[in-house]
Amino acid sequence: MSEEIIIDEARLNQFVPEPGYVEVNQKGHLQVDGVDCMDLRNQFGSPLYVMSERRIRENYRNLVKAFTAVYSRAKVAYAYKANPILAALRILNEEGATAEVISTGELFLARIVGVKGGNIVLNGCYKDRKGIRLAIRMGAVINVDSFHELDMVDEEASRVGIPARIGIRINPIVRTGTLSVWETALDESKFGIRLEKGLEAYKKAKNLKNVEIVGIHTHIGSQIENTDPYRVASTRIMNFVGDLKEKLDIDLEMVDLGGGIAIPFKYIDRAPLEEYAHAILDPFVQKKEEHGLGDCDVVIEPGGSIIGTSTILLVTVGTVKREESGKKWALVDGGANINLRATQGWYVYQSVCCNKMKETKKEVINVAGPLCYAGDVLGYNRELPYLEEGDVLAFLDCGAYTMAILNRYNSYPFPAAVLIKDGVPRIIKRREAMTDLFMGEELI
Ligand SMILES: Cc1ncc(COP(=O)(O)O)c(C=O)c1O
């Protein structure tokens, strides 16, 4: 990848405590929700994901508050792909979040945590027939991604004997200006049906016997810090919704405007949620009136902005290399296997040394994982205290797209995860044993 995120290194290296969440205790240790990170490491081992239940609930509630203040029928669907750990899914279901799922597996998870079928949207550019059938039976909305998929859904609905509730994913062609890997609504993107083909798609859907058109879907990308692209996308989609009414006499129950609100890392100036809410919903409200459309639900599908800042990742320093050339490396017990996106440069996570939070003397050092390839680096040029074997580092705001994309490269078992609720940590995912490394394999 030729592009990279431009980072203000001074801010990246500056720890800003968040009272009640991550702060420094009297021992000079980092604590999360009042629990000392060194105690967590000693009790549960390393590497360790530490999630805060309070944070998950707060992040969800803040989104709901900001969006319903602009339009009372705004609904927040949590994008499971960001982190599908059951404990978080259960908490969010309890809060009233609906679910955005992308696979038969995620549909299954939604079912396990008790999300009602009508509160699920099934998205994605590839849907298998089994997932389509399950979604139809559950009463989920299927956001169809292609003309071919329209036929698949119609066929499966006919087989199941229940009409499929569908939306169609429309690509409004909007560049968000993030890393290109996050862009999903470019001319060349693989997702959805281009706006200019949209009427043809809805016309086809209208003529199908086994589908009921209920909505429309769009999603323009991830980690979007600038709210302008949302305004453009929302305006284009709503003009199109007006066309649907005028030209095809289609009334929608649901307009799903996707996810992508940036995770508010401390070193960026992310717009306040209220600004996102206005950028996304003002065009909706205005165009709804302009085109004389009926009331309907608006869905947004945030993933990272709900779960990202709820979690820290603890790792332990094994070895430190200080070379004569001046290069310094701290090698820790997890890298791309437990935080792939950091090593790819898609996300950059702040790091601190949990047991040396009050040390003022710092050195600049790279932090790398244990894996056998050069790109397994979690952070370059970090200002950290003089590190030694046994020190514990925390990577902050690591809740999204970390645990969701674990891998066992180099045969490291998956780490454990704990959830802190009312100051008490509980295991929500056990650490894998060595025997899990060959789970499902046959020794022939
Ligand atoms: C269709 C769809 N909705 C929602 C999301 C969630 O995005 P984010 O975590 O950036 O909010 C994604 C992410 O890939 C997506 O593809």
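Computed from a prediction, not measured in an experiment: that's the story for all the values here. (Residues numbered from 1 in each chain as written. Predicted model: local features only at pLDDT ≥ 70, side-chain atom pairs only at ≥ 80, totals over all residues. Heavy atoms only, no water.)

Caption draft 1: A look at the nonpolar core. With 118 residues, the main nonpolar core has Phe 67, Ile 166, Ile 168 and Tyr 202 as its most contacted residues. Per-element accounting of this core gives the leading share, eight residues, to helix H9 (residues 228-248). Of the domains in this structure, domain 1 (9-52 + 308-438) and domain 2 (54-303) are the two that each give at least three residues to this core. Once residues lying within four places of it in the same chain are set aside, the contact partners of Ile 168 are Asn 143, Val 144, Leu 150, Ile 193, Ala 201, Tyr 202, Ala 205, Gly 215, Ile 216 and His 217. In this structure, Leu 30, Val 35, Leu 40 and Val 392 belong to the second largest nonpolar core, which totals 22 residues. (Core = buried A, V, L, I, M, F, W, Y, C linked by side-chain atoms within 4.5 Å. Buried < 20%, exposed > 50% of the residue type's maximum accessible area, 1.4 Å probe, protein only. Helix = DSSP H or I, 4+ residues; strand = E, 2+ residues; numbered from the N terminus. Domains from an automatic or database assignment. Contact = heavy atoms within 4.5 Å.)

Caption draft 2: Just the packing of aromatic side chains, in detail. By the definition in use, this model includes 14 aromatic pairs. Here Phe 265 and Tyr 349 contribute two aromatic rings whose centre-to-centre distance is 5.7 Å and whose plane-to-plane angle is 85°, an arrangement assigned as edge-to-face. Remark: Tyr 349 occurs in the loop between helix H12 (340-344) and strand E16 (351-353) and Phe 265 occurs in the loop between strand E12 (254-256) and helix H10 (273-290); sequence separation between them is 84 residues. Summarising the burial analysis for this pair, Phe 265 and Tyr 349 share the class buried. Among the aromatic side chains, those forming a connected cluster through ring pairs are Trp 182, Phe 265, Tyr 267, Trp 346, Tyr 347, Tyr 349 and Tyr 401. The cationic tip of Arg 322 hangs over the ring face of Tyr 386; the distance from NZ or CZ to the ring centre is 3.7 Å. (Phe/Tyr/Trp six-rings, centres within 6.5 Å; stacked < 30°, edge-to-face > 60°. Lys NZ or Arg CZ within 6 Å of the ring centre and 35° of its normal.)

Caption draft 3: Just helix H8 (residues 198-207), in detail. When we look at burial in H8, the residues that qualify are Gly 198, Ala 201, Tyr 202 and Ala 205. Along the axis of H8, the buried residues cluster in a sector spanning 95°; they form a single face. Where H8 is buried, its residues contact helix H7 (147-160), strand E9 (164-171), strand E10 (193-194), strand E11 (211-217) and H9. (Arc of directions from axis to C-beta.)

Caption draft 4: Structural detail: the side chain of Asp 154. Residue placement: Asp 154 occurs in helix H7. One buried charged side chain, Asp 154, makes no salt bridge at all; its nearest oppositely charged neighbour is Lys 209, positioned 7.6 Å away. Once residues lying within four places of it in the same chain are set aside, the contact partners of Asp 154 are Leu 208, Lys 209, Asn 210 and Val 211. (Lys, Arg positive; Asp, Glu negative; His and termini not counted. Salt bridge = Lys/Arg side-chain N within 4 Å of Asp/Glu carboxyl O.)

Caption draft 5: Inspection of empty space enclosed by the protein at higher detail. Under the defined criterion, the tally for this structure stands at three cavities of 30 Å³ or more. As for the largest cavity, its lining consists of Phe 15, Val 16, Glu 18, Tyr 21, Val 22, Lys 266, Ile 312, Gln 350, Leu 396 and Asp 397. Classifying every residue of the lining of the largest cavity by side-chain character gives six nonpolar, one polar and three charged. Here the second largest cavity defines a volume of roughly 40 Å³. Top contributing element to the lining of the second largest cavity by residue count: H9, with three residues. Here the residues of the lining of the second largest cavity sort into five nonpolar, two polar and no charged. (1 Å grid on protein atoms, 1.4 Å probe; cavity = no way out; pocket = protein on both sides within 12 Å on 5 of 7 lines; lining within 4 Å. Points joined across faces, edges and corners; volume = space filled by probe spheres on them. Nonpolar A, V, L, I, M, F, W, Y, C, P; charged D, E, K, R; others polar.)

Caption draft 6: Region of interest: the packing of helix H3 (residues 53-70) against H10. Relative to each other, H3 and H10 sit at 35°, their axes nearing to 8 Å. Crossing handedness for the pair H3 and H10: right-handed. Here H3 contributes Asn 62, Leu 63, Ala 66, Phe 67 and Val 70 to the contact with H10, which in turn contributes Leu 273, Glu 274, Tyr 276, Ala 277, His 278, Ile 280, Leu 281, Asp 282 and Val 285. Residues belonging to the contact of H3 with H10 are distributed by class as follows: 10 nonpolar, two polar and two charged. (Axes fitted to C-alpha atoms, helices over the stretch in contact; angles between N-to-C directions. Left-handed = near helix turned anticlockwise from the far one by under 90°.)

Caption draft 7: Inspection of the domain arrangement of the protein at higher detail. Split by domain assignment, the protein resolves into domain 1 (9-52 + 308-438) and domain 2 (54-303). Summarising the inter-unit geometry, the C-alpha centres of domain 1 and domain 2 are found 33 Å apart. At the junction of the two partners, domain 1 supplies 27 residues and domain 2 supplies 23 residues. Taken together, both faces of the contact between domain 1 and domain 2 bury some 2,500 Å²; the carbon and sulfur share is 59%. Our enumeration of links across domain 1 and domain 2 arrives at five salt bridges. (Buried area = accessible area lost by both parts, 1.4 Å probe.)

Caption draft 8: Region of the structure containing the layout of surface pockets. Approximately 730 Å³ is the volume attributed to the largest pocket. Lining the largest pocket are 34 residues; nearest its centre among them are Lys 81, Trp 182, His 219, Ser 222 and Tyr 401. In terms of residue class, the lining of the largest pocket is made up of 14 nonpolar, 13 polar and seven charged. Counting only domains with at least three residues in the lining of the largest pocket, you end up with domain 1 (9-52 + 308-438) and domain 2 (54-303). Here the second largest pocket is characterised by a volume of approximately 500 Å³. Surrounding the second largest pocket, 22 residues form its lining, Glu 4, Ile 5, Gly 345, Val 348 and Tyr 380 being those nearest its centre. Listed by contribution, the elements that provide at least two residues to the lining of the second largest pocket are helix H1 (9-12), H12 and strand E18 (377-385). The dominant element in the lining of the second largest pocket, judged by the number of residues it contributes, is E18, at six residues. Across the lining of the second largest pocket, the residue classes tally to 11 nonpolar, seven polar and four charged.

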